[in-house]
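Residues per chain, in single letters:
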Amino acid sequence: MKKVISATLAVVILLAGALFSGQLTPAKADSPLIFEFNTMVGIPQAFTGAQAPIRGINGGGLPWMLISANGRLLSSGLLVINVKGLVLAAGPNAGSNPITNFRATVSCLTSAGGVENVTTDLFPATTGPASSGGGNATIHANLTLPQACIAPIVFITSPGGSWFATTGK
């Protein structure tokens, strides 16, 4: 019995020594999560155009709606968004997406009290009616966020930067 306890103790000591010497490292996430989301809201009429910008970002010219969206933002700046059925909610093309590319913008309040908006490159979006797969897009981008990024808001925007859908923390 003493041999079993001694052998077990020796293994524990060896593992602890390896852990503290850096030969073994505990598992850790790549970067802390700022926030995850499972929904976004399309732009309502009251926020279209320049009538009610959010953190300096104007709304699209018409209301938009979407079927679903989810994503996550990490402190490293990794932004991943999956959007389904982001389409116009009004006008002659209602129910359809006429835009071939979207962008995403992350808006942060900075520790100095200002606003910093960081925008992705273009990413492809499917066109046509939502019922036929229009308005679908996936983004996977690495952004340089301010330190710290306080009260982040994520926008899906037009190529020119007007927002169509948003969510925030």
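First, a word on what this report is: a plain description of the structure on this page. The structure presented is a predicted model; accordingly, all values stated were derived computationally and were not measured. (Residues numbered from 1 in each chain as written. Predicted model: local features only at pLDDT ≥ 70, side-chain atom pairs only at ≥ 80, totals over all residues. Heavy atoms only, no water.)

Turning our eyes to something else, we now look at the overall build of the protein chain. Helix and strand counts for the protein chain stand at one helix and 14 strands. Each of the 169 residues in the protein chain was classed as buried or not, and the buried ones make up 38%. Expressed as a percentage of contacts within the protein chain between residues at least 6 apart in sequence, the contacts between residues at least 24 apart total 62%. For the protein chain, the accessible area works out to roughly 9,200 Å², and carbon and sulfur atoms hold 60% of it. (Helix = DSSP H or I, 4+ residues; strand = E, 2+ residues; numbered from the N terminus. Buried < 20%, exposed > 50% of the residue type's maximum accessible area, 1.4 Å probe, protein only. Contact = heavy atoms within 4.5 Å. Areas by Shrake-Rupley, 256 points an atom, 1.4 Å probe, with all protein chains shown as cover.)

Take unusual backbone geometry next. Residue Q147 is joined to A148 through a cis peptide bond whose omega torsion reads 0 degrees. Within the fold, A148 resides in the loop between strand 12 (137-142) and strand 13 (150-157). Phi is positive for R55, close to 50 degrees, though the residue is something other than glycine. By the secondary structure assignment, R55 is in the loop between strand 2 (41-42) and strand 3 (64-65).

This paragraph deals with the nonpolar core. Among the nonpolar cores identified, the biggest contains 35 residues, and L86 and V106 are the most heavily contacted of them. For V106, the residues in contact, after removing those within four places along its chain, are L73, L79, E116, N117, V118, L143, L145, C149, P152, I153 and V154. (Core = buried A, V, L, I, M, F, W, Y, C linked by side-chain atoms within 4.5 Å.)

That is the geometry; function is a separate question.
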